[in-house]
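Geometric and topological summary
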Amino acid sequence: MFLHLGNGFSVRTKDILAIQSSEVFRDGPGKEMLDRWMADGSVVNALDPEDEKAEVKSLILTAHKIYLSAISPLTLKRRSELAFQSTVPFRESGR
């Protein structure tokens, strides 16, 4: 299954290592890591370039890329759980 990150970007749910709030990467060691990833070209900006008010709310970490998304981590978590639940076979209780 895929998780939609906004602005036409999706990533396979099985490739996601973590979904983090952007607050973790605003300063300190987190900012240093994000700056290194950006310098390496590992960061994909999934924000709408035409929306001047769009702000990064979450970072989605995979083995090879880091995606910046305007969708909150909680919403992405819920979407990923829904994607997982839709892949689990349905069984009626008591049978």
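One structure accompanies this document, and this report is about it. In this text the structure is predicted, and so the values were computed from the model without any measurement. (Residues numbered from 1 in each chain as written. Predicted model: local features only at pLDDT ≥ 70, side-chain atom pairs only at ≥ 80, totals over all residues. Heavy atoms only, no water.)

A separate point is the sheet that holds strand β3 (residues 16–21). Strands belonging to one sheet form pairs held by backbone hydrogen bonds; the direction of such a pair is parallel or antiparallel. Read from one edge to the other, the open sheet built from four strands follows the order β3-β5-β6-β4, with strand pairing classed as mixed. Both outer strands of the open sheet, β3 and β4 (43–45), are each paired with one neighbouring strand and no more. Neighbour-to-neighbour, the strand axes of this sheet turn through a mean angle of 20°, independent of strand direction. By the bridge criterion, four bridges tie strand β5 (residues 58–62) to strand β6 (residues 66–69) in an arrangement that is antiparallel. The residue bridging Leu59 from the neighbouring strand is Leu68, located in β6. (Pairing = 2+ DSSP bridges. Helix = DSSP H or I, 4+ residues; strand = E, 2+ residues; numbered from the N terminus. Axes fitted to C-alpha atoms, helices over the stretch in contact; angles between N-to-C directions.)

One finds Leu3, Leu5, Val11, Ile16, Val44, Ala46, Ile60, Tyr67, Ile71 and Leu76 forming the largest nonpolar core, which totals 10 residues. Formed by eight residues, the second largest nonpolar core is a distinct cluster that contains Phe25, Leu34, Trp37 and Leu68. (Core = buried A, V, L, I, M, F, W, Y, C linked by side-chain atoms within 4.5 Å. Buried < 20%, exposed > 50% of the residue type's maximum accessible area, 1.4 Å probe, protein only.)

Within this structure, the stated rule accounts for one aromatic pair. Where Phe25 meets Trp37, the ring centres are 5.9 Å apart and the plane angle is 50°; that geometry is what we call tilted. Of this pair, Phe25 sits in the loop between β3 and α1 (28–40) while Trp37 is found in helix α1, placing the two residues 12 residues apart along the sequence. Like Trp37, Phe25 is buried. (Phe/Tyr/Trp six-rings, centres within 6.5 Å; stacked < 30°, edge-to-face > 60°.)

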